[in-house]
Amino acid sequence: MKKVEATGVVLWDTCAVKGKKCTAKETPGAVTAVWAPPGRTQTNVCHACLNEQVEKGAWQIEGARVSR
């Protein structure tokens, strides 16, 4: 599990994760920048993919709660 840090910055770009419910897979859409290890690299991810990564346990955001 990677600990990522949500920046709160919203951009207009494509999603780097491209999950099943991705809203910015091929065409640009609203994405948020998260910093991930190693070295706090920036990953731009749409809201749907961010939720998917957290729910499946691939990413952890400190202080965030996941309701199921």
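This text follows the structure it describes.
A short tour of the structure in this document, coming up.

Each value, and the rule that gives it
- Residues numbered from 1 in each chain as written.
- Predicted model: local features only at pLDDT ≥ 70, side-chain atom pairs only at ≥ 80, totals over all residues.
- Heavy atoms only, no water.
- Helix = DSSP H or I, 4+ residues; strand = E, 2+ residues; numbered from the N terminus.
- Rg over C-alpha atoms; globule rule 2.2 N^0.38 Å.
- Buried < 20%, exposed > 50% of the residue type's maximum accessible area, 1.4 Å probe, protein only.
- Pairing = 2+ DSSP bridges.
- Axes fitted to C-alpha atoms, helices over the stretch in contact; angles between N-to-C directions.

**Section: the overall build of the protein chain**
Here comes step 1: In terms of regular secondary structure, the protein chain is built from 1 helix and 4 strands.
Here comes step 2: Each helix and strand of the protein chain, placed in order from N terminus to C terminus, yields the pattern β-β-β-α-β.
Here comes step 3: Relative to the 2.2 N^0.38 estimate, which gives 11 Å for 68 residues, the radius of gyration of the protein chain is 11 Å and therefore close to what a compact globule would have.
Here comes step 4: Within the protein chain, buried positions represent 31% of all 68 residues.

**Focus: the pairing of strand S1 (residues 2–13)**
Here comes step 1: Where S1 and strand S4 (residues 59–61) come together, 3 bridges link them in parallel fashion. When the sheet's bridge partners are listed, lysine 3 is paired in S4 with glutamine 60.

**Things to note about the sheet that holds S1**
Here comes step 1: Strand order in the open sheet formed by 4 strands is S3-S2-S1-S4, and the pairing between neighbours is mixed. Strand pairing shows two members of the sheet lacking a second neighbour, strand S3 (41–45) and S4, which therefore form its edges. Between one strand axis and the next, the sheet turns through 50° on average, direction left out of account.
Here comes step 2: Bridge count for S1 against strand S2 (residues 29–36) is 6 bridges, and the pairing is antiparallel. Looking at the pairing, leucine 11 lines up with valine 31 of S2.

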